Amino acid sequence: MSALTAFVDAIAVLGPGLDGWPAAEAVLARHAPYAPGPTLLPAPLALPAAERRRTGRVVKLAIAVGLEAANRAGLEVGGLVTVFSSSACDGDNCHEICQTLATAERELSPTRFHNSVHNAAAGYWSIATGAMAASTALCGYDASFAMGLLEALSQVAALQRPVLLIAADTPYPPPLSAKRPLSDAFGIALALAPSRGERSVARLAASLVEGVADRLADTALEPLRLGAPAGRALPLLELFARRQTGSVMLEYLGPLALCAEVNRC
Amino acid sequence: MTPLVLSHYTATTCVGRGLGPLESALRAGRGGLAPCAFETVDLDIHAGEIEGVDDERLPAALAAFDCRNNRLARLALRQDGFEDAVRAVVARVGRRRVGLFLGTSTSGILEAELAFRHRDPLTGALPAAFSYRSTQNTFSVAAFVRELLGLEGPAVVVSTACSSSAKVFGCAERMVAAGVIDAALVGGVDSLCLTTLYGFHSLQLTAPGPCRPFAVDRDGITIGEGAAFALLERPGPDASSACVALQGVGESNDAYHLSSPHPDGLGARIAMAAALSAAGVEPGQVDYLNLHGTATPSNDRAEARAVVALLGARVPCSSTKGATGHTLGAAGAVEAVISALALARGFMPGGINSRQLDPALGVHYLTATRNVAPARVLSNSFGFGGTNCSLLLGRLG
């Protein structure tokens, strides 16, 4: 297939022991050791207080990485096109709904219900930023990140304007966690642009090819890649952190992988 | 944008299986809504349940995908020779050159709802037979259809509540334009579950009787289930001017509230204007508008304001949700297929159940089907999270 291309103007990460891109960059470039720890989620201060109280972990995570990437790229969030990608969006909320529906009364809370949509993070993001541009929410199970990246790149090509990709996953509580085990909250955002700018980090070209996803050579980090669908982006982030030109294979659907070629700017 | 032909399409809702029953129901003003008797639901509401969904059997090799949502997908794919049409396209362009873009809001969540009733009394564990990945997960329906039809190209599920399966048309168009694929299978599948029936009821958005879009006494939605699919391709040399084509897609977000529309329908207006602009069509050239028209007081008011502001008060419009119910994540695709049918078969469907229209809404709402052939149809789909998508379909040429 023809490759889809864009310039990467900023990267953001929040994951277990990876608290923001500068910290993650140092770990992925092997300038700092990886120190395991829980994912730290900041309060979504961009949201009005009434909305902030209603948001779950995945919304806090998505807003945090989205703002980190947009700010570093110098983008005006109010006009941004966004692509949200997640395997399950708000798993805690889904658990509560299933619990309630298993009771005799089935008294569902209206807020629980409206938070159950897969585009909840996208909806809260638009309220927080005032962005009225196109915004979508995708799911591809473990391939959610690569699907989101492909969609975001196709939007950059079609619209010829910056697009913010936000991939965010949080684990389910028990008993669903036994059916869908994830390690901890993991979020990644990429600010993509159609042309090279002052802040461009790399040029990215992606295409679907037959193959399997690359693993991380570092055995301390490989569990992070497998621990959440958004973590499947780590081989790509490793290239960015090491300021390397090269290519990686990201998890997609069999028999394909998403081949991402990175050229340093 | 470069138009894409809808070379084949099909839809299954509570009015029947496939295009034949859908057209005759729309022409006759017949609906499929009935008092809700789904599962153990104990609510004073109507619903658009499709008969015989649970009689549908998946191929043995795909048994892990068995759930109401995937049964409905299979049932719908078997109508109108659609599976064969997909196989013919695959044979022509190759299995890696056909993209798969499906919308759903709740996927197979019903399986999780049932599993939570049967947790192990000691450990709290869910039953061993419950398969999260192939039923509950939002991607399940695309994984199922991809395997069923032997597709190996790009695939994704869009899940943006009630705009999901309108937005997939945009995904497909961008991927074809970028040269990633030559053809796309797009669609939407959403099936009844307790989450949506009890959830919309908790928000006091459900009507006790069949929904009455744009009526002065409208009192909420009627939830339905549905599945609709279309094959999108570049127009070939043999494409005639009678072919139905996707000509424009417009998307926006309200940035207002998670479950209430912008009161003036500002996001809706932006999405409609973007669809017209992508198609190079003036507001006055729209012959019929298939409204989102959910029949809640605030949704219809907001949409009417957006319609009047952009298209004026004269364009004939209706909501077909009085007949099919609101099929949520499938609504975009179901109504795109209804729009295609209106173009191909030369009629404008009238909205049913709405005896006394709300004069305050100020739109030209059709309460009876008109045997007038539209050349351009706009279809609206809006959803929770403030998501909006409008599709412009027309006859080629």
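Note that the structure is predicted; figures quoted are calculated from it, not measured. (Residues numbered from 1 in each chain as written. Chains lettered and ligands numbered in written order. Predicted model: local features only at pLDDT ≥ 70, side-chain atom pairs only at ≥ 80, totals over all residues. Heavy atoms only, no water.)

Student: What should I look at first to understand the overall build of chain A in this one?
Tutor: Within chain A one finds ten helices and nine strands. Taken against the 2.2 N^0.38 rule, which gives 18 Å for 265 residues, the C-alpha radius of gyration of chain A at 18 Å falls within 12% of a compact globule. Relative to its full complement of 265 residues, chain A shows a buried share of 62%. In chain A, the proportion of contacts linking residues at least 24 apart, taken out of those at least 6 apart, comes to 73%. Counting every atom, chain A has about 9000 Å² of accessible surface; 51% of that belongs to carbon and sulfur. (Helix = DSSP H or I, 4+ residues; strand = E, 2+ residues; numbered from the N terminus. Rg over C-alpha atoms; globule rule 2.2 N^0.38 Å. Buried < 20%, exposed > 50% of the residue type's maximum accessible area, 1.4 Å probe, protein only. Contact = heavy atoms within 4.5 Å. Areas by Shrake-Rupley, 256 points an atom, 1.4 Å probe, with all protein chains shown as cover.)

Student: Just checking my understanding: could you explain the overall build of chain B for this structure?
Tutor: Looking only at helices and strands, one finds twelve helices and 15 strands in chain B. For 397 residues, the compact-globule estimate of 2.2 N^0.38 gives 21 Å, and chain B sits close to it at 20 Å. By its C-alpha atoms, chain B is 65 × 50 × 40 Å across when sized along the principal axes. Put simply, chain B has 397 residues, and 66% of those count as buried. Intrachain contacts of chain B at a sequence separation of at least 6 include 79% that bridge at least 24 residues. Per element, the accessible surface of chain B, about 12500 Å² overall, is 49% carbon and sulfur.

Student: Just checking my understanding: could you explain the layout of surface pockets for this structure?
Tutor: Summary: where empty space remains is shown by rolling a probe the size of a single water molecule over the atoms. Of the pockets and cavities examined, the largest pocket occupies roughly 480 Å³. Lining the largest pocket are 23 residues; nearest its centre among them are Ala158 and Leu159 of chain A together with Arg174, Val249 and Ala278 of chain B. Every element with two or more residues in the lining of the largest pocket is listed here: helix H7 (144–159) of chain A together with helix H7 (164–177), strand E10 (244–253) and helix H9 (266–279) of chain B. In terms of residue count, the dominant contributor to the lining of the largest pocket is H7 of chain A (five residues). Broken down by class, the residue content of the lining of the largest pocket amounts to 14 nonpolar, five polar and four charged. (1 Å grid on protein atoms, 1.4 Å probe; cavity = no way out; pocket = protein on both sides within 12 Å on 5 of 7 lines; lining within 4 Å. Points joined across faces, edges and corners; volume = space filled by probe spheres on them. Nonpolar A, V, L, I, M, F, W, Y, C, P; charged D, E, K, R; others polar.)

Student: Teacher, can you tell me more about the sheet that holds strand E4 (residues 46–48) of chain B here?
Tutor: Strand pairing in a sheet relies on backbone hydrogen bonds. The paired strands run either parallel or antiparallel. Reading across the sheet, the three strands line up as E3-E4-E8 (chain B) and stay open at both edges, with mixed pairing between neighbours. What marks the edges here is a single partner per strand, and that holds for strand E3 (34–35) and strand E8 (223–224) of chain B. (Pairing = 2+ DSSP bridges.)

Student: Teacher, can you tell me more about the nonpolar core here?
Tutor: If you look at soluble globular proteins, the nonpolar side chains tend to sit buried side by side. Counting residues in each nonpolar core, the largest one holds 214 residues, and the members touching the most others are Leu149 and Leu236 of chain A. For this core, the element with the most residues is helix H3 (residues 57–73) of chain A, which contributes ten residues. Dropping the residues within four chain positions of it, Leu236 of chain A is found in contact with Phe145, Leu149, Leu190, Leu204, Val248, Leu250, Ala260 and Val262 of chain A. Grouped together as the second largest cluster of nonpolar side chains are 22 residues, Val281, Ala304, Val307 and Val363 of chain B included. (Core = buried A, V, L, I, M, F, W, Y, C linked by side-chain atoms within 4.5 Å.)

Student: What exactly am I supposed to notice about the interface of chain A and chain B here?
Tutor: Interfaces are often described in size by the accessible area the parts lose on coming together. The interface is formed by 60 residues belonging to chain A together with 63 residues belonging to chain B. Taking both sides of the interface into account, the surface hidden between chain A and chain B amounts to around 5000 Å²; carbon and sulfur atoms contribute 65%. Looking only at chain A, the three residues that lose the most surface to chain B are Arg106, Phe113 and Met132 of chain A, adding up to 15% of its buried area. Summed over the shared surface of chain A and chain B, the number is two salt bridges. Across the pair Glu151 of chain A and Arg174 of chain B runs a salt bridge whose closest N-O atoms are separated by 2.7 Å. The interface formed by chain A and chain B includes 19 residue pairs in polar contact (both at pLDDT 80 or more). Secondary structure elements with two or more residues in the side of chain A that touches chain B: helix H4 (91–101), helix H5 (110–115), helix H6 (120–129), strand E4 (135–139), H7, helix H8 (176–179) and strand E7 (202–210) of chain A. Bridge count for E4 of chain A against strand E6 (residues 155–158) of chain B is two bridges, and the pairing is antiparallel. Each bridged residue has a counterpart across the sheet, and for Leu138 of chain A the counterpart in E6 of chain B is Val158 of chain B. (Buried area = accessible area lost by both parts, 1.4 Å probe. Salt bridge = Lys/Arg side-chain N within 4 Å of Asp/Glu carboxyl O. Polar contact = N/O pair within 3.5 Å; in protein donor to acceptor, adjacent residues only side chain to side chain.)

Student: Explain empty space enclosed by the protein to me, please; I cannot follow it from the model alone.
Tutor: Here the structure, examined in full by the defined rule, presents three cavities of 30 Å³ or more. As a volume, the largest cavity reaches approximately 400 Å³. Around the largest cavity, the lining is made up of 29 residues, and of these Ser116, Val117 and His118 of chain A together with Ser105 and Thr106 of chain B lie nearest the centre. Counting only elements with at least two residues in the lining of the largest cavity, the list comes to H4 and H5 of chain A together with helix H5 (132–136) and helix H8 (194–202) of chain B. The dominant element in the lining of the largest cavity, judged by the number of residues it contributes, is H4 of chain A, at four residues. Residues of the lining of the largest cavity, tallied by class, amount to 15 nonpolar, 13 polar and one charged. The computed volume of the second largest cavity comes to approximately 90 Å³. Along the walls of the second largest cavity sit 15 residues, with Phe84, Ser85, Ser86, Cys89 and Ala121 of chain A positioned nearest its centre. Taken together, the residues of the lining of the second largest cavity sort by class into eleven nonpolar, four polar and no charged.

Student: Sorry if this is basic, but what is going on with the environment of Leu100 of chain B here?
Tutor: Residues and elements named next belong to chain B. With respect to the helices and strands, Leu100 occurs in strand E5 (residues 98–103). Since its relative accessible area comes to 1%, Leu100 is described here as buried. Taking the C-alpha atoms as reference points, Leu100 and Val186, separated by 86 residues in sequence, lie 6.0 Å from one another. Not counting residues up to four positions away in its chain, the partners in contact with Leu100 are Ala142, Val145, Arg146, Leu151, Pro154, Ala155, Val156 and Leu185.

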